[in-house]
Every structure is written in C-alpha cells, then in structure tokens.
Amino acid sequence: MTTLTRLYRSQRALIVGSVAAAVVWGAAAAVSTWHALGSRPWAAVVATVAIAIALWWRRAVFEADRVALWLEERHPELQYTLITAVDTAAGGHRPELERQTESVGFERTAYRAAARLIVLPVLVAGAVVVGLIAARQLTDAGPNGLLTQDKTEPATDAPIRLAVTVTPPPHTRLGVERLSDPIRVAGVSGSRLAIEGSLPADQLSVQTESGALTVTTRASGWRADLTMPEAPTVVRVRRGAKERLILLEPRGDSLPVVRLDLPERDTMLDRATGSLPLAASFHDDFGLADTWWELTVSRGGGENFEFRTVTLDRAPAGNRRSATRSLALRIDSLALAPGDIVLLRAVARDANPSAGLRIAGSDPRVIRLAAERQDDSLEIEALPPAEPLANLLSQRMLILLTEALSTRLPRLTRSTVVTESARIARDQTRLRRQVGDLVFARLEDLGESGEHSHDDGHDHSAMTPEELLRAAEAANRHASGEALDFATGESPVIAVNRPLLEAYHAMWAASRELNLGQPRAALPHMYAALDAIQRARLADRIYLRGRTRPVVVDVAKVRLTGKRDGIAPSTRTPQAPLDPAMRRIVERFDRALDLLGRSRDAAVDSLLLLRADLLAEHPRLAGPLAQAIDTLRTNHDPTAALARARRAIGQPTTSRSGLRAWSSAP
C-alpha cells in the first residue's frame, strides 16, 4: 500500500467523523428547538444551520495537504514525507518516501481523532435527551417535582397538546391539511376533522355546542372525529381543570355562476327556420357536475296556455371549476307555431354530492316567433330593453321577494339565506343605479332649461355618486322633521329631487343589509324607498318662490355666533349611541383586554369565543379580531392588532327597534 493511499484513507476517516459529528450536533439542536417552540419548520432550520456550522468548523479535513501537515505535526519522524508525497513534483523520489513512512502508523492517529470527533456531540445529544425526558417526567409528576405520583392520574397543570387533521370533501379536490396546536380551524363545510393527542383517552373529554364527542384510544394516544358544521362552532377539550378551545370556521360551498353569452338579448323571429348560436360560461368555487341548456316553450293565449320544457346537450363537466360551451340551436327542431314564446337559459349543477340537487341557471333570454298577420296590425312590438334594464325588477316586487324570504328563514340554512339575500341585493343595486341616473338626468334638464342663470349661485354640474349619496342623506335628515328652508343653503335643484334622493339613500341601506344576509333588517329601508318613489310620482311640479343670492361669507357662522338650523351654537348633536348588542360586544372585548395582565391564555380564549359569535352575526368585525388572536398566540406585540380590532368593533351603528340577530328560530 503506497503512502498516498494510506494518507487518503486517513483523510476519509476524518471526513466521516466530521460529517457524523455535524449530524449529531444538528439532531441535538433540532430536538431542543422543537421542545422549546413546538415548531417543526423552525427545528429543521436550526438543524440545518448547526450542521453547516459544524462542517465549516472542520473544513480542513477536506484538503489533503492540510491533513498531511496535521499528521506530520503529530509524527515528527515522518520528516515531511507526507506533504512531499502529496506534491506531484516528487514523483522521482517515491521509493525513498515509501521507505521513510512504512514504519510509521499515522492511520491509527487519524482513526482515533475521528472517533473523538463523534464522542463529544454524542454525549451532548444524550444529555439533551435525558434532560428532556426528566423535564417531561417532572411535569407529569406535579408541582412538588417528585416522581412519586401515580402515572394513571392526569397532570391537570400540564398544557393540552393536540393536532387537527382536516380532510376536505372529495369534490373540492383540496389536499389534506394537518395543523399543530391550532386555536382556529378553517375548512369547507362537510370536511372530516380528526382531533388527536398523545394522552390516554380516559383522561379528557371533547365537547361541542351540540354535545360530547366520542373519544377513542389509539396506539399514539386519543382521537375524536367530527364533521365541519355549517355554522361557527367552539370545540372544548377538557383535562381536569384545564380546558382548550378550538374555533371551527366553516366555509360554505356556493352555487355555480352561469352567464349566457349568446344570444345577447331577447329576439323576435319572422319564421321558424335557420339556426341560433348559443354560448355560455360556467364557474363554481370547487367543481361542476354537468351543464346543459333548458328551453321552456309556451303556446296559447287568454286563459289557455300550454308549456313544455326541452333539455339540450346535457354533458358532464368533469368536476372542473370553469367551463365554456357553445351550441347551434336549430329553430325548426322546436316545432314552433306562430306566436310561441321560448324562454332560454343555461343551467349548471354543483358537484357537491352531499348538498342534494344544487342547480343554478343564467339570466333568461326570450325568443318569440311572430304571430300571423302581426305585421299588418297597428300593434307595435316594443324593442327589447337595454342590457342594464333587461332583468330589472320593481321596488314592490323586491319587497315581495324579501318578505317571502323572511317567512322562510326558520326552514333555511344560513348559507342558503345569504345566497338568496345576495341575489335580491343585486337587483336592488341595479334599481338604485337607475334612480341615481334619473336624478342626474333631472339635474341636467333643470340646468339646461334656462330656469337658472350662470350667476345665480347654484352649482349645476353633474354630481358624483358620493355627492349624490351625501345629498340623499341630507334629504333624509330634512324628511325626518327638520324645517325645509332655502335659507339654509340647500339648492332648489336638490329640493326638486328630494323624494328620489330619499329613495336612493334607502335603497343603498337596503342593499347593505341584504348583502349581510339580513332580509328582515332590509325591509324597513325598502318600505321607505317605495314610499319615496310614490311621493316622487305625485310631485309633478314644484313652483319656487324666488331665487336668493347666497352669502359669500357668513361672519356669524365663522365666529361661531348666531344660530345653526335654528339651534344655539352651544348645542351639539351627540354621537349616535351603540345599540345594546354592540355595547355588549364592546364590553366583552374590554373584559378580554383586562385579562391580558393576568392570563394571556384566558384572554385568547375570551377573544376566540367573541369571534365565534361575530362570525354568525357580524362577519365584517371578525376579520380584525382574528389578526389580534393570531398575534397573541404567536407571542408577538399585540398592541397594533388589538387597536385595529377595538376601532372596528367600537364604531357607532344606527339603532333600530325590533331587530334581532339571525337565527333558525321564528
């Protein structure tokens, strides 16, 4: 065996020892980090850093000349023959070098050094493991620190460690998620949840608002299975005097969204021949089961009508989230007679098998076949309405739909109520925009008619939607009992449109309540809008008494003297008080803040229960509260997050009598 071969074997031994020592150091650092923080990602990061530092510290073993010098230092009798053998220029003196090194056993020195490299980290890792085991035993033993307690008794002062596995329904195509020590679990309604821990099953209990869950014993500890509910629910895990709260935040499965692209508008045909192109777009948040076109043909007149429904080109969608389809409809295949009317729409079915038959359709299109000799009569067929007005419902019809939904509240789930209420809100928003356009039209007409001159002091420029809403609010304040006097600075043009402005503001408030899933709370605003529309129809003409020039600078008002709307300047309108429900929410939040100084965990539990109630009644306020809970959970500074949550919860709201939170009870 040559000298170089012996040297390289010694180097490999040192490399193996250095790498093994680095791995042991990394394992010890990972175990310590995981025990301290309970986070696997952080443990992996610390282990990687520890291994890198250990290898960098022993980087000299990867260079043969430095290993040779290190061995020369410990064996002076080598007389620098190893470093000379590494040098390629010493090729002619190989025999002399071999004779000089054959009697020196420097390999054993390298092997012993490699073994010593491993001993120290192994001892440290063993000490860490023994210390962690001892700490766990002392924790299980109780506050006296003695290992004399019976192992069958629960350690009530130890924290409850658990993990939650979320398995979404198959149709969502979402992956399984495993959460370590969570306090909030979000998932699709109907997901399977498995709550697991390492303690014996007989030492704890798991309960929800609907009752206790079955806790089973597994090889690794305990497990409780449940299904993600439809409404936010708090799960309580109790172990002696200790209690752990987990907030379940369900996410609903919405109905498909269908848009009929072709035909773009209602159509009248002269004869039942040719073809009509159809095109539609389908989308669902998780998956579509199948899509098709549906045609309803009506025939007859007076009191005798016949209806038949035709389904065209029904095809599976393959559980895709989005799809587009087209079809050429042959008119003659429908066997239409003159005067027949065809109602056409695109339809899609949700792929969620547990929700029953979930079908959604597009806005319909009307296809009419002209009646015989219709072109010879004086009857004038109205053109199809413009697209923004194609499906516009009247305010009275919206009220009827909302009243019908309110009567069905006890029989509907929360997600269904929110979906149907949002559909009515969209129609209410379209109608509100038309009222706003009418106000703009009246403003322009009055400005161009010559009734006011350019120097009369009134602003006849077009109003923005924000200015229109502020004018509507001002109109409502006057309508509530304040005196109407042009001396207050109100434009006569606004006075002309006062009923329409009141209707605009009431429709805006109704849309807001409907979008929040509160149809009963929207009805008073819808009644007010209908009343304002009726008053606007009666107010055909308003005769103004005259024009007055506005005051450029009101000196008394600038000096805070005189009067404001007939009220002394020292009198100010107080801020609107919180309604009783919001006041209780603010008080609960403040009590949770008071707990921070005594128990951080108790404050987190209080905020968690408050968030569970807000998710059902005030979803807008629950978002900032979740950020505050997460900040407290991660032991970061919660000041900014708590301030944002407090500002969101403490906003004043309009008091309404006779309102209560939504529930399944009538």
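Residues numbered from 1 in each chain as written. Predicted model: local features only at pLDDT ≥ 70, side-chain atom pairs only at ≥ 80, totals over all residues. Heavy atoms only, no water.

(A) How the structure looks around the sheet that holds strand β11 (residues 257–262). The sheet built from three strands is open, its strands ordered β11-β13-β16 with antiparallel pairing. Lying at the two open borders of the sheet, with one neighbouring strand each, are β11 and β16 (322–330). Strand-to-strand twist in this sheet, taken as the mean axis angle between neighbours without regard to direction, amounts to 20°. Sheet analysis places β11 next to strand β13 (residues 275–283), joined by five bridges and oriented antiparallel. (Pairing = 2+ DSSP bridges. Helix = DSSP H or I, 4+ residues; strand = E, 2+ residues; numbered from the N terminus. Axes fitted to C-alpha atoms, helices over the stretch in contact; angles between N-to-C directions.)

(B) Representation of the nonpolar core in the model. Ranked by internal contacts, the top residues of the largest apolar core, which has 26 residues, are Phe 589, Leu 607, Leu 610, Leu 614, Leu 625, Ile 629 and Ile 649. Listing elements by their share of this core, those giving two or more residues are β10 (242–251), α14 (580–595), α15 (600–617), α16 (619–633) and α17 (639–649). Aside from chain neighbours lying at most four places away, what touches Ile 629 is Ile 183, Val 604, Leu 607, Leu 608 and Arg 611. (Core = buried A, V, L, I, M, F, W, Y, C linked by side-chain atoms within 4.5 Å. Buried < 20%, exposed > 50% of the residue type's maximum accessible area, 1.4 Å probe, protein only. Contact = heavy atoms within 4.5 Å.)

(C) Fine view of the pattern of salt bridges. Inspection of the entire model under this criterion finds 22 salt bridges. Measuring nitrogen to oxygen at the nearest pair gives 3.3 Å for the salt bridge that ties Glu 249 to Arg 184. Taken together, the residues Glu 249 in strand β10 and Arg 184 in strand β3 (residues 184–188) connect sequence positions 65 residues apart. By relative accessible area, which is 10% here, Glu 249 ends up buried. Assessed through its relative accessible area of 24%, Arg 184 is described here as partly exposed. Between Arg 588 and Asp 613 there is a salt bridge, with its nearest N and O atoms 2.7 Å apart. (Salt bridge = Lys/Arg side-chain N within 4 Å of Asp/Glu carboxyl O.)

(D) The arrangement of α15 in detail. Along its 18 residues, α15 runs 26 Å from first to last C-alpha, staying within 8% of the 26 Å computed at 1.5 Å per residue. For α15, the set of buried residues is Ala 603, Val 604, Leu 607, Leu 608, Leu 610, Arg 611, Ala 612 and Leu 614. N-capping of α15 is provided by Ser 599, with a side-chain oxygen placed 3.2 Å from the backbone N of Ala 602. (Expected span 1.5 Å × (residues − 1). Polar contact = N/O pair within 3.5 Å; in protein donor to acceptor, adjacent residues only side chain to side chain.)

(E) Here's a closer look at the pairing of strand β1 (residues 163–167). Of all the five residues making up β1, five are buried; the element is thus mostly covered by neighbouring parts of the structure. Neither face of β1 is exposed, since Ala 163, Thr 165 and Thr 167 on one face and Val 164 and Val 166 on the opposite face are all buried. Sheet topology places β1 next to strand β4 (residues 192–197); five bridges connect them, and they run antiparallel. Among the inter-strand pairings, Thr 167 is bridged to a residue of β4, identified as Arg 192. Relative to strand β2 (residues 177–180), β1 runs antiparallel, the two sharing four bridges.

(F) Just the packing of aromatic side chains, in detail. For the structure shown, the criterion picks out zero aromatic pairs. Residue placement shows Arg 59 over the ring face of Trp 56; its charged tip is 4.2 Å from the ring centre. Just above the ring of Tyr 504 sits the side chain of Arg 432; from NZ or CZ to the centre is 5.6 Å. (Phe/Tyr/Trp six-rings, centres within 6.5 Å; stacked < 30°, edge-to-face > 60°. Lys NZ or Arg CZ within 6 Å of the ring centre and 35° of its normal.)

(G) Structural detail: the packing of α14 against α17. One way to put it is that α14 packs onto α17 with a least axis distance of 10 Å and a crossing angle of 160°. Comparing their axes, α17 and α14 come out roughly antiparallel. By crossing handedness, the relation of α14 to α17 is classed as left-handed. The segment α14 lies against α17, with Met 582, Ile 585, Val 586, Phe 589, Asp 590 and Leu 593 engaging Leu 642, Ala 645, Arg 646 and Ile 649. A class-by-class count of the residues in the contact of α14 with α17 yields eight nonpolar, no polar and two charged. (Parallel < 35°, antiparallel > 145°, perpendicular 65-115°, else oblique. Left-handed = near helix turned anticlockwise from the far one by under 90°. Nonpolar A, V, L, I, M, F, W, Y, C, P; charged D, E, K, R; others polar.)

In short, geometric facts, not functional conclusions.
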